[in-house]
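Topology and contacts: notes
Listed here are the chains, written in short residue letters.
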Amino acid sequence: MTARTGEVGHFEPPPAARESLQGHYAGFASRFAAFAVDLVVLTGIFILALATINFTANVLVGKDVHFNRGNVWVIVAYAVWAFIYFAHFWGLNGKTAGGALFGVQVVTNDGADVSGRQAIARALAFPLSFLILGLGFLGILWGDRRRALHDVIAGTVVIYSWDARTARLRFLSRSPYSAPPEPRGNGRRA
Amino acid sequence: MKQGRLKRTAKGHTLCVDPLAPLRTKRGRLASSAEAMAQAIAERVIGQVVGALDLNALLAEIDLNAVLETIDINQVLRQVDLNSLMDRIDIDAILNRADVNGLLDRVDVNRLLATVDINRLLSSVDIAALIGRVDVNQIVRQIDANEVIDKVDLNAVIGRVDINAIVQRVDVDALVEQTDLGSVIAKSSSGVASDVLDAVRSRTVGVDEFIARFVALLRRRPYIGPPGPPAGLRVGAAS
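Structure report, in brief. (Residues numbered from 1 in each chain as written. Chains lettered and ligands numbered in written order. Predicted model: local features only at pLDDT ≥ 70, side-chain atom pairs only at ≥ 80, totals over all residues. Heavy atoms only, no water.)

Digging into the nonpolar core
Residues and elements named next belong to chain A.
- Formed by 26 residues in total, the largest nonpolar core has its most connected members in Phe 86, Trp 90, Val 104 and Tyr 160.
- Counting residues per element, the ones that place at least two in this core are helix H1 (28-60), helix H2 (72-93), strand S1 (104-108), helix H4 (116-131) and strand S2 (156-160).
- The element that contributes the greatest number of residues to this core is H2, accounting for 5 residues.
- Apart from the residues within four sequence positions on either side, Phe 86 is in contact with Phe 35, Asp 38, Leu 42, Thr 96 and Ala 123. (Core = buried A, V, L, I, M, F, W, Y, C linked by side-chain atoms within 4.5 Å. Buried < 20%, exposed > 50% of the residue type's maximum accessible area, 1.4 Å probe, protein only. Helix = DSSP H or I, 4+ residues; strand = E, 2+ residues; numbered from the N terminus. Contact = heavy atoms within 4.5 Å.)

Quick notes on the side chain of A:Thr96
Residues and elements named next belong to chain A.
- Topologically, Thr 96 is positioned in the loop between H2 and helix H3 (97-102).
- Reaching out from Thr 96, the side chain makes a polar contact with the side chain of Asp 38 at a distance of 2.5 Å.
- In this structure the side chain of Thr 96 is engaged in a polar contact, spanning 3.2 Å, whose partner is the backbone nitrogen of Gly 99.
- Beyond its immediate chain neighbours, meaning those up to four positions away, Thr 96 contacts Asp 38, Tyr 85, Phe 86, Phe 89 and Trp 90. (Polar contact = N/O pair within 3.5 Å; in protein donor to acceptor, adjacent residues only side chain to side chain.)

Thoughts on a nonpolar patch on the surface
Residue and element names in this part refer to chain B.
- Taken together, the side chains of Leu 95, Ile 139, Ile 143, Val 148, Val 152, Leu 154, Val 157, Ile 158, Val 161, Ile 163, Ile 166 and Val 167 define a hydrophobic patch exposed on the protein surface, amounting to about 970 Å² of accessible area.
- Of all the secondary structure elements, the ones that give two or more residues to the nonpolar patch are helix H14 (154-159) and helix H15 (163-168).
- Along the chain, the position of Val 157 falls in helix H14. (Patch = residues over 30% accessible without salt bridge, like charges linked within 9 Å, V, L, I, M, F, W, Y side chains within 5 Å. Areas by Shrake-Rupley, 256 points an atom, 1.4 Å probe, with all protein chains shown as cover. Salt bridge = Lys/Arg side-chain N within 4 Å of Asp/Glu carboxyl O.)

Things to note about the packing of aromatic side chains
Residues and elements named next belong to chain A.
- Per the stated rule, a full pass over the model turns up 14 aromatic pairs over all chains.
- With a centroid separation of 6.0 Å and 10 degrees between ring planes, the pair formed by Phe 28 and Phe 32 is classed as stacked. In this pair, Phe 28 and Phe 32 both sit in helix H1, 4 residues apart, roughly one turn of the helix.
- Geometrically, the ring pair formed by Phe 35 and Phe 86 is stacked, given 6.3 Å between the ring centres and 20 degrees between the ring planes. One end of the pair, Phe 35, is in helix H1; the other, Phe 86, is in helix H2, with 51 residues separating them in the sequence.
- Judged by relative accessible area, Phe 35 falls into the buried class, the value being 18%.
- Judged by relative accessible area, Phe 86 falls into the buried class, the value being 6%.
- Aromatic rings pair up to connect Phe 35, Trp 81, Tyr 85, Phe 86, Phe 89, Trp 90, Phe 126, Phe 130 and Phe 137 into one cluster. (Phe/Tyr/Trp six-rings, centres within 6.5 Å; stacked < 30°, edge-to-face > 60°.)

Overview of the packing of H1(A) against H2(A)
Residue and element names in this part refer to chain A.
- The N-to-C vectors of H1 and H2 enclose an angle of 130 degrees; their axes lie 10 Å apart at closest approach. One way to sum up the angle between H1 and H2 is to call them oblique. The crossing of H1 and H2 is right-handed. Residues Phe 35, Asp 38, Leu 39, Val 41, Leu 42, Thr 43, Ile 45, Phe 46 and Leu 50 of H1 pack against Val 74, Ala 77, Tyr 78, Trp 81, Ala 82, Tyr 85 and Phe 86 of H2. (Axes fitted to C-alpha atoms, helices over the stretch in contact; angles between N-to-C directions. Parallel < 35°, antiparallel > 145°, perpendicular 65-115°, else oblique. Left-handed = near helix turned anticlockwise from the far one by under 90°.)

Topic: unusual backbone geometry
- For A:Leu133, which is not a glycine, the phi torsion comes out positive at approximately 60 degrees.
- Within the element layout of this structure, A:Leu133 appears in the loop between H4 and helix H5 (138-142).
- The backbone of B:Arg220 sits at a positive phi, close to 55 degrees, despite the residue not being glycine.
- Position of B:Arg220 among the secondary structure elements: in the segment after helix H18 (192-219).

This is a description of form; function is not addressed.
Listed below in structure tokens is the structure:
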């Protein structure tokens, strides 16, 4: 990120913003970054929920409820929560929190909105891509349509949904970028 | 003797018609009195005949179009200094007096135009000076604009305009830079947050492209950019 303070030199818009990639198949880095953000968000919410349960039990019963990562029920609850999180957002508009942040969206093979059934299938098939030593994600790197295993199973693809052209217009509209200061002739006056 | 009397008689008769007849000469000698008498008679007869003619009726009998066809108008126009001719004409006064519609009804314009070399004609006319002398406001006042517009098929005119080509010629970036549109867009967004988001997305897409190029290198295939979009996708609706 570029800091904008005081005198601003000549800026070039980000290369990717020169061309709108909206609708093209999203690449590995964008999808991985979106997933990482989702992981942080859903884990944060899960920990917050556990803390709330602990606090409530302490207030009502007077006992602390200790959750540790080895507890099977905690793992199951976390898995169920992750399934609900992903299935809900993919079925809602194809975007999770991470997807919205990085501008990627899940759509069907022909570009339509994902149905609830497809969202559930994708959320169920998602762990498979991990369970086979991550080989399920190789399709994002090697495939012509950048589809992972769970995409193939659910009949979905992931596309860029952010409009780089609008971003560029925003970029141009910033006065320090759009109108670089005129050279002053080394301080001499005409 | 008889011949001398005839001369005197003729001389006396001619003197009644043309007192100057004796003074006319032919090749350095006096003209014969009979010849002089015939000439004097012819002059008077022609004058009376012409006076008795109805020229309007005669002109009505003439096919003007046929006459015009026999004239080389281009040749005539070449010999005329149109600019000086135009300078001598009070065009406004003519336009005020002329019933242009009636005049045009009587002229076979197509036939007339077919005989005129328009390019040569226009090249010899100082159009700027001509237009400068025309009171355009007065002409415009005489035109019923509504009637003219009614005759125009606007759909056909618009149908001939390639709007896409016009839009393609618009430099949107320059437009944004030179107008307040950019500031409107900037105000409609959340400012710094949007900048950060655009930058993060842009960098991530850059990494996507880098990885894709690297993989293409490993596969020994040329990389021609990100694939897609899927068929049937409405790109505008994807955002």
